[in-house]
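Examining the three-dimensional arrangement
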Amino acid sequence: MTLVKKGSRYLDVDGVTYRWRLRGRPTYSQGNVWGPLRFAVELAEQPGATLVVTTNQPHPSNWMGAPARPVLPSHVARAVRTALAEGWQPASPGKPFPLDQSEGFTVPGTRRLGRAAGED
């Protein structure tokens, strides 16, 4: 799986150039803030396995008006370093490498599990 070039951005992380992309329009789930924002990263020159990062925030273009922060190059660089430490091999062909950083993501209007009815 390679990234679509349109809308992708280049980023240098520790002397290696990567290309990353955030989907411009949210998926249906992301638009309704049922699911978190994701972005993808691959090597710029010789793409191999794609890194797919699941964040803990809603898509900036969600339809519900949920507050969202932009994905900054520093966030992408941090995710790349984490994925490399966890075994992502960006030059090797293969399945996408998932990096789940969604801890703390909650769907607006839901309560945390484990609370008794009537407790707020």
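Residues numbered from 1 in each chain as written. Predicted model: local features only at pLDDT ≥ 70, side-chain atom pairs only at ≥ 80, totals over all residues. Heavy atoms only, no water.

**Some points on the layout of surface pockets**
- Taken as a whole, the largest pocket spans an internal volume of roughly 240 Å³.
- Lining the largest pocket are 12 residues, with Leu3, Arg21, Arg23, Phe39 and Ala40 sitting closest to its centre.
- Looking at the lining of the largest pocket residue by residue, the class counts come to six nonpolar, three polar and three charged.
- Lining the second largest pocket, in full, are Phe39, Thr55, Asn56, Gln57, Arg69, Pro70, Val71, His75, Arg78 and Gln101.
- Taken together, the residues of the lining of the second largest pocket sort by class into three nonpolar, five polar and two charged. (1 Å grid on protein atoms, 1.4 Å probe; cavity = no way out; pocket = protein on both sides within 12 Å on 5 of 7 lines; lining within 4 Å. Points joined across faces, edges and corners; volume = space filled by probe spheres on them. Nonpolar A, V, L, I, M, F, W, Y, C, P; charged D, E, K, R; others polar.)

**Re helix H2 (residues 73-85)**
- The end-to-end C-alpha separation of H2 is 18 Å, in line with the 18 Å expected for 13 residues at 1.5 Å each.
- Taken residue by residue, H2 has Val76, Ala77, Ala79, Val80 and Ala83 as its buried positions. In an axial view of H2, the angular spread of the buried residues amounts to 160°, which keeps them on one side of the axis.
- Looking at the packing, one finds that the buried side of H2 touches strand E1 (9-13), strand E2 (16-22), strand E3 (38-43), strand E4 (51-54) and strand E5 (97-100).
- Following H2 by one or two positions, Gly87 has its phi on the positive side, about 110°. (Helix = DSSP H or I, 4+ residues; strand = E, 2+ residues; numbered from the N terminus. Expected span 1.5 Å × (residues − 1). Buried < 20%, exposed > 50% of the residue type's maximum accessible area, 1.4 Å probe, protein only. Arc of directions from axis to C-beta. Contact = heavy atoms within 4.5 Å.)

**Digging into the confidence of the model for the protein**
- Of all residues in the protein, 88% attain a pLDDT of 70 or more, and the chain-wide mean is 89.
- Scored below 50 in pLDDT, residues 112-120 shows six contacts in the model against residues more than four places distant or in partner chains. (pLDDT = per-residue confidence, 0-100.)

**Points about the pairing of E1**
- Note: E1 against E2, five bridges, orientation antiparallel. Bridging across to E2, Asp12 finds its partner in Thr17.
- Between E1 and the antiparallel strand that follows it, E2, lie two residues; Asp14 among them carries a positive phi value of about 55°. (Pairing = 2+ DSSP bridges.)

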